[in-house]
Amino acid sequence: MSTKFLKEGIDNVQIGMDCHREMLQPGGSHDSMLIVVMAASFYFAIVGTNDSPLYEAEFGIQREENKYLQQFVVHAALDLVDDVQFMTSGCYLKAVDRYNDWTVSAYVTPSNARFMLLHEAKPEDPIRSFFAACHELYLRTLLNPFYEANTSILSQAFDAKVHTLAKKYLI
Amino acid sequence: MSAKQYKTVGEEAWKNNVEKVNAELFIFTYGSLVVQLVKDYEDYTAVNKQLDKMGYNIGVRLIDDVLARTGLEKCADFHSTAEVISKVGFKVFLNITPSVQNWSSDGKEFSLIIDDNPLNDFCELPPRAVQDGLWYSNVFCGVIRGALEMMQMQTEVYFVRDVLHGADVSEIRVKLVKVLDEEVPANDE
């Protein structure tokens, strides 16, 4: 990734933050409040045991220009996951990395598949629940005889269910 | 014997005379069997055929086992045969009772409607398999065909629709072709 692109990405983040502040100004109409709620963006990825991406999804508002930056940030956080995962016995590792106002939360299954969620400021509990529910879905996918471990998850049912979970816990 | 009596027979046999095996072990074994067939044959129609063949070989053995466990007598007509398949056969081996429906007017064809096929647990067919018409549980067809053949009934058994293809229930059609006479097999010396 070129530095120019990275810089562009950072600029965009800055713009995003500015918008955020404006909307959070007291006295804003209900409409703008609604936009604040919708403006939360999430990027979710499942990384297989051999570090290949198995599944990715975006929830909330999606900005085309952030797409590669999000992947980049999550990818960078994988190394931190490797460090943190042995410090705790649980699956949920909480926030492992930060990038401007984005936070990367991670969840490692016992078989070492990693769930990565890139999000803006957000309490831990819903994220924990989201991960746990996704873990359950992931397990069911693994149990499907037609699914081969460590290959991309192409099932539309899985995709739909993950989006439902995101709506329930995150957005 | 009425349908209700068959039901009691099936339930009694399920409760007392059947060795149970862990459902997941069974489901995964079947699942990996089908997937291996898909890999080996690379053609879903051929896989359907193989599953049917396997089922047939199971069916011709299984029927004796059912009759020995339950002590049922010869069915008077094809209607009671249908009831026995659903309420005794499926009950004893899978603990489900498909409903018997859609009789044809000549009484030689009926459908078994299965809404809770245990084999389908965890399974999701890839779009290609749905498109090419893989009947995941086609082994059932073979079992029914094999079992009925041992009872001197030549039948055609096939899946009409399947939950895994997006239908709300699975339907197996059973069609009686003819009643075989007791005869010596052709190549039997």
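Definitions and limits used
Residues numbered from 1 in each chain as written. Chains lettered and ligands numbered in written order. Predicted model: local features only at pLDDT ≥ 70, side-chain atom pairs only at ≥ 80, totals over all residues. Heavy atoms only, no water. Patch = residues over 30% accessible without salt bridge, like charges linked within 9 Å, V, L, I, M, F, W, Y side chains within 5 Å. Areas by Shrake-Rupley, 256 points an atom, 1.4 Å probe, with all protein chains shown as cover. Salt bridge = Lys/Arg side-chain N within 4 Å of Asp/Glu carboxyl O. Buried < 20%, exposed > 50% of the residue type's maximum accessible area, 1.4 Å probe, protein only. Phe/Tyr/Trp six-rings, centres within 6.5 Å; stacked < 30°, edge-to-face > 60°. Helix = DSSP H or I, 4+ residues; strand = E, 2+ residues; numbered from the N terminus. Contact = heavy atoms within 4.5 Å. Buried area = accessible area lost by both parts, 1.4 Å probe. 1 Å grid on protein atoms, 1.4 Å probe; cavity = no way out; pocket = protein on both sides within 12 Å on 5 of 7 lines; lining within 4 Å. Points joined across faces, edges and corners; volume = space filled by probe spheres on them. Nonpolar A, V, L, I, M, F, W, Y, C, P; charged D, E, K, R; others polar. Pairing = 2+ DSSP bridges. Axes fitted to C-alpha atoms, helices over the stretch in contact; angles between N-to-C directions.

**So, a nonpolar patch on the surface**
Item 1. Residues Val21, Leu25 and Phe26 of chain B make up a contiguous nonpolar surface patch of roughly 280 Å² in combined accessible area.
Item 2. Relative accessible area serves as the criterion here: at 54%, Val21 of chain B is assigned to the exposed category.

**Considerations on the packing of aromatic side chains**
Item 1. Counted by the stated rule, this structure contains 22 aromatic pairs over all chains.
Item 2. Here the aromatic rings of Phe90 of chain B and Phe140 of chain B are separated by 5.5 Å at their centres, their planes lie at 90°, and the arrangement is edge-to-face. Residue Phe90 of chain B is located in helix α4 (residues 78–94), and its partner Phe140 of chain B is located in helix α6 (residues 139–150); the two are separated by 50 residues in the primary sequence.
Item 3. Owing to a relative accessible area of 6%, Phe90 of chain B belongs among the buried residues under this scheme.
Item 4. Overall, Phe140 of chain B belongs to the buried group, its relative accessible area being 7%.
Item 5. Every member of this aromatic cluster is reached through a ring pair, and the members are Phe44, Tyr55, Phe59, Tyr92, Tyr107, Phe115, Phe130, Phe131, Tyr138 and Phe158 of chain A.

**Notes on the interface of chain B and chain A**
Item 1. Across the boundary between the two partners, chain B contributes 14 residues, which contact 9 residues of chain A.
Item 2. Here chain B and chain A share an interface that buries about 890 Å² over both sides, 67% of which is from carbon and sulfur atoms.
Item 3. For chain B, the biggest contributors to the area lost against chain A are Val35, Phe122 and Glu124 of chain B; these three give 59% of the whole.
Item 4. In this structure, the connection of chain B to chain A is made through 0 salt bridges.

**Examining the pattern of salt bridges**
Item 1. Scanning all chains against the criterion turns up 10 salt bridges over all chains.
Item 2. One salt bridge in this structure joins Asp51 of chain A and Arg114 of chain A, with 2.7 Å as the shortest N-O distance. Here Asp51 of chain A is found in the loop between β1 (41–47) and β2 (53–60), whereas its partner Arg114 of chain A is found in strand β5 (residues 114–119), with 63 residues between them in sequence.
Item 3. In this structure, the salt-bridge partner of Arg69 of chain B is Asp65 of chain B, at a minimum N-O distance of 3.0 Å. In this pair, Arg69 of chain B and Asp65 of chain B are both assigned in helix α3 (residues 44–70), 4 residues apart and thus about one turn of the helix distant.
Item 4. With a relative accessible area of 27%, Asp65 of chain B lands in the partly exposed category.
Item 5. Within this structure, Asp51, Asp82 and Arg114 of chain A form a network of salt bridges that share partners.

**Section: the layout of surface pockets**
Where empty space is left in the structure can be found by rolling a water-sized probe over the atoms.
Item 1. Computed from the structure, the largest pocket encloses a volume of approximately 1300 Å³.
Item 2. Along the walls of the largest pocket sit 50 residues, with Leu62, Gly89, Phe90, Phe93 and Val143 of chain B positioned nearest its centre.
Item 3. For the lining of the largest pocket, the elements supplying multiple residues, two or more each, are α2 (23–41), α3, α4, α6 and β4 (170–179) of chain B.
Item 4. It is α4 of chain B that contributes the most residues to the lining of the largest pocket, 9 residues altogether.
Item 5. Grouping the constituent residues of the lining of the largest pocket by class yields 36 nonpolar, 7 polar and 7 charged.
Item 6. What lines the second largest pocket is a set of 19 residues, among which Ser155 of chain A together with Glu124, Leu125, Pro126 and Pro127 of chain B lie closest to the centre.
Item 7. Here the lining of the second largest pocket is composed, by residue class, of 11 nonpolar, 7 polar and 1 charged.

**Topic: the sheet that holds β2 of chain A**
Residue and element names in this part refer to chain A.
Item 1. Pairing in this open sheet of 5 strands is antiparallel, and the strands run β2-β1-β5-β4-β3 from one edge to the other. What marks the edges here is a single partner per strand, and that holds for β2 and β3 (92–99). Looking at each pair of strands side by side, their axes are set apart by 20° on average, direction ignored.
Item 2. Alignment of β1 against β2, held across 7 bridges, turns out to be antiparallel. Bridge pairing in β2 places Ser41 opposite Gly60.
Item 3. Running at roughly 145° to β5, helix α4 (residues 124–143) makes contact with β1, β2, β3, β4 (102–108) and β5 of the sheet.
Item 4. Along the sheet, helix α5 (residues 156–169) contacts β1 and β2; its crossing angle with β2, the most-contacted strand, is approximately 40°.

Function-wise, these values are silent; they only describe arrangement.
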